[in-house]
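Listed below are the residues making up each chain.
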Amino acid sequence: MSDDETRIRDLITGWAEAVHRGDLDGVLADHTEDIVMFDVPPPHEGVRGIDAYRDTWPPFFEWQSQGASFEIDSLDVTAGTEVAYAHALLRCGTPKELAAQPTLRLRLTVGLRKEDGRWRIAHEHHSFPLD
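The model shown is predicted, which means the values in this text are computed figures rather than measured ones. Residue positions are given per chain, counted from 1 along the sequence in the order it is written. Residue-level local features of this predicted model are given only where pLDDT is at least 70; pairs of side-chain atoms are given and counted only at 80 or more, and the full residue set underlies all totals for whole chains, interfaces and linings. Note that the side-chain values use all heavy atoms of the structure and ignore hydrogens as well as water.

**Student:** Let's hear about the sheet that holds strand β4 (residues 83-93): which residues, and what values?
**Tutor:** When DSSP finds two or more bridges between a pair of strands, those strands are recorded as paired. Going along the chain from the N terminus, every DSSP run of H or I of four or more residues is numbered as a helix, and every run of E of two or more is numbered as a strand. Taking strand neighbours across the sheet as the criterion, the six strands line up as β2-β1-β6-β5-β4-β3 in an open arrangement whose pairing is mixed. Among the strands making up the open sheet, the edge pair consists of β2 (47-48) and β3 (69-79). Direction of pairing for strand β1 (residues 31-38) relative to strand β6 (residues 118-127): parallel, over a ladder of four bridges. Each bridged residue has a counterpart across the sheet, and for Val 36 the counterpart in β6 is His 123. Residues count as neighbours in contact if any of their non-hydrogen atoms are within 4.5 Å of one another. Throughout, an axis means a line fitted to C-alpha atoms (over the contacting stretch in the case of helices), and angles, computed between N-to-C directions, take values from 0 to 180 degrees. Lying on the sheet, helix α1 (residues 3-21) is in contact with β1, β3, β4, β5 (106-115) and β6; it crosses β3 at an angle near 160°.

**Student:** How would you summarise the side chain of Ser 127 if you had to cite specific residues and measurements?
**Tutor:** Along the polypeptide, Ser 127 turns up in strand β6. Sequence-distant contacts of Ser 127, defined by excluding residues within four places in its chain, comprise Val 40, Arg 105, Leu 106 and Arg 107.

**Student:** Hey, could you go over the side chain of Gln 64 for me, with residue numbers and the actual values?
**Tutor:** Of note, Gln 64 is situated in helix α3 (residues 50-64). For every residue, the accessible area obtained with a 1.4 Å probe (protein chains only) is divided by the maximum for its type, and the residue is called buried under 20%, exposed over 50%, and partly exposed between those limits. Since its relative accessible area comes to 7%, Gln 64 is described here as buried. Each polar contact in these results corresponds to two N or O atoms within 3.5 Å; when the atoms are within protein, one needs to be able to donate a hydrogen and the other to accept it, and residues that are neighboring in sequence are counted only if both atoms are side-chain atoms. Within polar-contact distance, the side chain of Gln 64 engages the backbone oxygen of His 20 at 3.3 Å. With near-sequence residues (within four places) excluded, Gln 64 lies in contact with Val 19, His 20, Gly 22 and Phe 70.

**Student:** Please provide a residue-by-residue account of the pattern of salt bridges, values included.
**Tutor:** Any carboxyl oxygen of Asp or Glu within 4 Å of a side-chain nitrogen of Lys or Arg constitutes a salt bridge here. This model, assessed by the stated rule, comprises ten salt bridges. Here Asp 51 ties to Arg 54 by a salt bridge, and the two come within 2.7 Å at their closest N and O atoms. Of this pair, Asp 51 and Arg 54 both sit in helix α3, three residues apart, roughly one helical turn. For Asp 51, a relative accessible area of 49% puts it in the partly exposed group. Assessed through its relative accessible area of 30%, Arg 54 is described here as partly exposed. In this structure, the salt-bridge partner of Asp 73 is Arg 105, at a minimum N-O distance of 3.2 Å. Of this pair, Asp 73 sits in strand β3 while Arg 105 sits in the loop between α4 (95-100) and β5, and the two are 32 residues apart along the sequence. Here Asp 73 falls in the partly exposed class, since its relative accessible area comes to 46%. When salt bridges that share partners are traced, they join Asp 34, Arg 113, Glu 115 and Arg 120 into one network.

**Student:** With reference to specific residues and values, describe the pairing of β1.
**Tutor:** The sheet contact formed by β1 and β2 spans two bridges and is antiparallel. Opposite Val 36, over in β2, you have Arg 48 as the bridge partner.

**Student:** Could you give an account of the environment of Val 47, with specific residues and numbers?
**Tutor:** With respect to the secondary-structure elements, Val 47 resides in strand β2. By relative accessible area, Val 47 is classed as buried at 10%. Separated by 31 residues in sequence, Val 47 and Thr 78 place their C-alpha atoms 25 Å apart. Once residues within four sequence positions are removed from consideration, Val 47 is found in contact with Ile 35, Val 36, Met 37, Ala 52, Tyr 53 and Thr 56.

**Student:** Any chance you could break down the layout of surface pockets for me, citing the residues and the numbers?
**Tutor:** Any residue with an atom within 4 Å of a point lines the site, the site being either a cavity, points on a 1 Å grid over the protein atoms alone where a 1.4 Å probe fits but cannot get out, or a pocket, an open set with protein on both sides within 12 Å along at least 5 of 7 lines. Grid points are joined across faces, edges and corners, and a volume is the space filled by probe spheres set on the points. For the largest pocket, the calculated volume is near 430 Å³. In this structure, the largest pocket is lined by 21 residues; those nearest its centre are Asp 39, Val 40, Pro 41, Phe 60 and Phe 128. The dominant element in the lining of the largest pocket, judged by the number of residues it contributes, is α3, at five residues. Residue classes follow a fixed rule: Ala, Val, Leu, Ile, Met, Phe, Trp, Tyr, Cys and Pro count as nonpolar, while Asp, Glu, Lys and Arg count as charged, and any other residue, Gly among them, counts as polar. Residue composition of the lining of the largest pocket, grouped by class: 16 nonpolar, three polar and two charged.

The structure is reproduced here in structure tokens:
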């Protein structure tokens with residue numbers, strides 16, 4: 001694994017840990033100003049920009065406060081010199097939801113670009129498989 005891939009793995013792992021803690025500053029820390037996110041809940045056309053991205057998190061944190069988990073199960077990273085992508089599977093659900101569907105995983109795809117020598121998340125896509 002290259003140094004960049006290790007840095008990106010650490011960045012994404014840190015982001016997921018911040019999500020699990022409900023730490024909004026930590027969630028936002030390594031994102032670009034023009035972030036685009038396609039998420040599970042509406043709006044289905046996605047959100048654009050760091051302010052719109054920020055606004056999506058409080059409702060998720062409220063749901064997560066029921067004891068839900070948000071844990072990376074697997075993570076793969078591919079990095080070039082200026083852009084990279086990663087894909088992951090996460091355990092995301094309340095204890096009741098995960099007991100009912102123990103193999104259910106949230107799918108995450110992340111696009112990154114290097115800005116001023118630092119990796120930043122420019123795109124996120126979250127989805128659950130349709131049954």
